[in-house]
Amino acid sequence: MEISAKQRLDDFMSGFGRRNPGQPEFHQSVYEVAVDIIPFIRENPIYGDHQILERLTEPDQIIIFRVNWEDDHGHFRANRGYRIQHNNAIGPYKGGLRFHRDLTLDTLKFLAFEQTLKNSLTGLPMGGAKGGADFNPKGKSEQEVMRFCQRFMSVLWHHIGPFTDVPAGDMGVGAREISYMFGQYKHMTREFTGVLTGKGLSFGGSQIRAEATGYGCVFMMENMLNRKGDGLKGKTAIVSGSGNVAQHTVEKIYQMGGKAVTMSDSSGFIFDPDGIDTEKLAFVKQLKNVTRGRIHEYADKYGVEFYKDQRPWGVSCDLAFPCATQNEISGDDAGMLIRNGCIAVAEGANMPTMQAGVDVYDEAKIMYAPSKAANAGGVAVSGLEMTQNSMRLSWSEDDIEKRLYRIMKNIHDKCVKYGTEGGYINYRKGANIAGFVKVADAMVACGNI
Ligand code: NDP
Ligand code: 2IT
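What counts and how
Residues numbered from 1 in each chain as written. Chains lettered and ligands numbered in written order. Predicted model: local features only at pLDDT ≥ 70, side-chain atom pairs only at ≥ 80, totals over all residues. Heavy atoms only, no water. Helix = DSSP H or I, 4+ residues; strand = E, 2+ residues; numbered from the N terminus. Rg over C-alpha atoms; globule rule 2.2 N^0.38 Å. Buried < 20%, exposed > 50% of the residue type's maximum accessible area, 1.4 Å probe, protein only. Contact = heavy atoms within 4.5 Å. Areas by Shrake-Rupley, 256 points an atom, 1.4 Å probe, with all protein chains shown as cover. Lys, Arg positive; Asp, Glu negative; His and termini not counted. Charge placed at Lys NZ, Arg CZ, Asp CG, Glu CD. Near = heavy atom within 4 Å. Polar contact = N/O pair within 3.5 Å; in protein donor to acceptor, adjacent residues only side chain to side chain. Nonpolar A, V, L, I, M, F, W, Y, C, P; charged D, E, K, R; others polar. Pairing = 2+ DSSP bridges. Axes fitted to C-alpha atoms, helices over the stretch in contact; angles between N-to-C directions. Phe/Tyr/Trp six-rings, centres within 6.5 Å; stacked < 30°, edge-to-face > 60°. Expected span 1.5 Å × (residues − 1). Core = buried A, V, L, I, M, F, W, Y, C linked by side-chain atoms within 4.5 Å. Salt bridge = Lys/Arg side-chain N within 4 Å of Asp/Glu carboxyl O.

Draft legend 1. Structural view of the overall build of the protein. Counting secondary structure elements, the protein contains 17 helices and 15 strands. Against the globule reference of 22 Å for 449 residues, the protein gives a C-alpha radius of gyration of 21 Å, in line with a compact fold. For the C-alpha atoms alone, the extent of the protein along its principal axes is close to 70 × 50 × 45 Å. Relative to its 449 residues, the protein shows a buried fraction of 57%. Of the contacts formed within the protein by residues at least 6 apart in sequence, a portion of 71% connects residues at least 24 apart. For the protein, the exposed area adds up to about 18,200 Å²; of that, 50% sits on carbon and sulfur atoms. Charge-centre separation for the protein: the mean point of 52 positive side chains lies 4 Å from the mean point of 53 negative side chains.

In structure tokens form, the structure reads like this:
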């Protein structure tokens, strides 16, 4: 008797759960993919014969290490560093580093798995990885951050290289941290190579890398709207977060004629009904990237409301851009968004919507660009940085932004190709299948290694 797709999914997830106990985020991200991939494998049995889903949900290798450093008071401190080298079927391991107090192996395993499919979607030759440390950058001095980055890299350098594994930034790791780590890598190896992306412009960095994730996310949204004969112009958007991704999402929304009315951090959100324009955004950039303050200072300066310990999903809007962190939109939040008129969601953060929220989007059939498609612009420009480093030249700002736009349009079109269900585009399914096929074909071709 034929086993149903539902039974196969349940069997697969229960085996996966046994192999990865106590890892709910990894579980969530794999489930979200398996829902679409298991029926696809039934139609394409070669992937089942080669056990691709089983192999793809097991990281190639995980490196865990102690990072010793000294704080400004001369006290010895120890943190835990990680690098998950998830899959290199289509290119060297590639993915960001996250510094966050609560970082766990579970979070990194979900991020590295997602990264593998995301990198495949970009069309560039990059495998998937993720790493970081449970180091809390908040309240640390410049010197402490520098010392931590140096000590972190003094272990990690053994495991990475321009043809092996190319880290970049993620939460808590921006241009400052990448630069310190690049300096340390150079010091250890005596080699100037493109081993990290997100570098400063004067030492091998790319134009538009800092902007790329946010810009790309807005380009993805614009493509979804365009397909319906609509566009961003005149739309009201809510954005969460106030870090790298949120800042450049707000910037591009403004440039394209939309109006972003919220931003947030882990202490609450601000609601500015007049919209966050270039001048106000410059204030946010200074606040978050230089003085490293809290978002309520925006409310104090511009006389708008600050909602302490709350998220912005109750504010009515046309479009939503979650750009802070994972699992920031529950099923109830998703329901609230839709009741308040939201027609589309593009995820700048990684897996910001809980499974219950994704089910709500599915049911309402809104336009929903999942993170692996919507935020792929960041790693795509990282890929372009690797290309420029290999060629030993650099492309102009205009050139990179055009390339980024084309890559996002291409991702959109791949989602349409694999996600069309009658008149509805299931972007989640489209992204999952399009990301999977390229990696899976490479794994089949290269044999069981
Ligand atoms: P940043 O560190 O620059 O900013 C993170 C933002 O999220 C801050 O505003 C932070 O507030 C907020 N935040 C963190 N935790 C919470 C929480 N529990 N509740 C509410 N807000 C929170 O990181 P990025 O902007 O780079 O990353 C944001 C998201 O985008 C992450 O999911 C990341 O993985 C993803 N991403 C990043 C890419 C990149 O190129 N940087 C590429 C693709 C995806 P606070 O200051 O209070 O902590
Ligand atoms: O989640 C992500 O895609 C990133 N943090 C960017 C990774 C990269 O290598 O640029």
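From this point, the narrative continues.
Draft legend 2. Region of interest: the site of ligand 2. Taken together, the neighbourhood of ligand 2 is formed by 14 residues, with Lys94, Lys118, Lys130, Asp170 and Ser382 sitting nearest. Within the side chain of Asn350, an N or O atom sits 3.0 Å from an oxygen atom of ligand 2. Here ligand 2 loses 94% of its free accessible area of 300 Å² to cover by the protein chains. At the level of elements, β3 (93-99), α5 (105-121), β5 (165-169) and α15 (376-391) are the ones that each hand at least two residues to the shell around ligand 2. For the shell around ligand 2, a count of residues per class yields 2 nonpolar, 7 polar and 5 charged.

Draft legend 3. Up close: the sheet that holds strand β11 (residues 319-321). The strand order across the open sheet formed by 5 strands is β7-β6-β11-β12-β13, and the pairing between neighbours is parallel. Whereas interior strands pair on both sides, the edge strands pair on one side only; in this sheet they are β7 (259-260) and β13 (367-369). Note that strand β6 (residues 236-239) and β7 share 2 bridges and pair parallel. Within β7, the residue paired with Thr236 across the bridge is Lys259. Helix-sheet contacts for helix α9 (residues 244-255) involve β6, β7 and β11, and the interaxial angle to β6 is about 175 degrees.

Draft legend 4. Focus on the packing of aromatic side chains. All told, the structure shown has 22 aromatic pairs when counted by the stated rule. Centroid distance Tyr47 to Phe436: 5.5 Å. Interplanar angle 80 degrees. Geometry classified as edge-to-face. Of this pair, Tyr47 sits in helix α3 (residues 45-49) while Phe436 is found in helix α17 (residues 427-446), placing the two residues 389 residues apart along the sequence. With 5.2 Å between their ring centres and 85 degrees between their planes, Phe99 and Phe148 make a pair best called edge-to-face.

Draft legend 5. Seen up close, unusual backbone geometry. If you check the backbone angles, Arg292 has positive phi at about 55 degrees while not being a glycine. Looking at Arg292, the relative accessible area reads 45%, which means it is partly exposed. At Met351, a position not held by glycine, the phi torsion is positive, near 50 degrees. Checked against the element boundaries, Met351 lands in the loop between β12 (344-346) and α13 (355-364). For Met351, a relative accessible area of 2% corresponds to the buried category.

Draft legend 6. The arrangement of helix α7 (residues 175-189) in detail. The terminal C-alpha atoms of α7, which comprises 15 residues, lie 21 Å apart, in line with the 21 Å expected from a rise of 1.5 Å per residue. All buried positions along α7 are accounted for by Arg176, Glu177, Ile178, Met181, Phe182, Gln184, Tyr185 and Thr189. Considering only its buried residues, α7 is in contact with β3, α6 (142-156) and β5. One or two steps after α7, the chain reaches Arg190, where phi turns positive at roughly 60 degrees.

Draft legend 7. Examining the site of ligand 1 more closely. Around ligand 1, a shell composed of 25 residues is seen, among which Lys138, Asp170, Ser266, Arg294 and Asn350 lie nearest. A distance of 2.5 Å separates an oxygen atom of ligand 1 from a polar side-chain atom of Ser266. Residue Asn350 places a side-chain N or O atom 2.8 Å away from an oxygen atom belonging to ligand 1. Here ligand 1 has 890 Å² of accessible area as a free molecule, and 84% of this is covered by the chains. Counting only elements with at least two residues in the shell around ligand 1, the list comes to α8 (209-227), α9 and β8 (262-265).

Draft legend 8. Molecular detail of the sheet that holds strand β9 (residues 268-271). Here 3 strands make up an open sheet; going across it, the order is β8-β9-β10 and the pairing antiparallel. Across the chains shown, the open sheet's two edge strands, defined by having one partner strand only, are β8 and β10 (305-308). Across the sheet, the mean angle from the axis of one strand to that of its neighbour is 20 degrees, orientation sign disregarded. Bridging between β8 and β9 involves 4 bridges; their strand directions are antiparallel. Each residue of the ladder has a partner; that of Ser264, found in β9, is Phe269.

Draft legend 9. Quick look at the nonpolar core. Judged by nonpolar contacts, the single largest core of 60 residues is most densely connected at Met220, Met221, Met263, Phe321 and Ile411. Counting residues per element, this core draws most heavily on α8, at 9 residues. Leu9, Phe26, Met351 and Ala442 belong to the second-largest nonpolar core, a separate cluster that totals 35 residues.

Draft legend 10. Spatial organisation of the environment of Lys252. Residue placement: Lys252 occurs in helix α9. Among the residues examined, Lys252 registers a relative accessible area of 6% and is labelled buried. Distance from Lys252 to Phe219, taken between C-alpha atoms, is 8.5 Å for residues 33 residues apart in sequence.

Draft legend 11. Layout of the pattern of salt bridges. For the structure on display, the rule yields 24 salt bridges. Linking Glu385 and Lys199 is a salt bridge whose minimum nitrogen-to-oxygen distance equals 2.8 Å. A residue pair is termed long-range when its members are at least 10 positions apart, and Glu385 in helix α15 and Lys199 in the loop between α7 and α8 qualify at 186 residues. Ionic pairing is found between Asp413 and Lys409, a salt bridge with its closest N-O pair at 2.9 Å.

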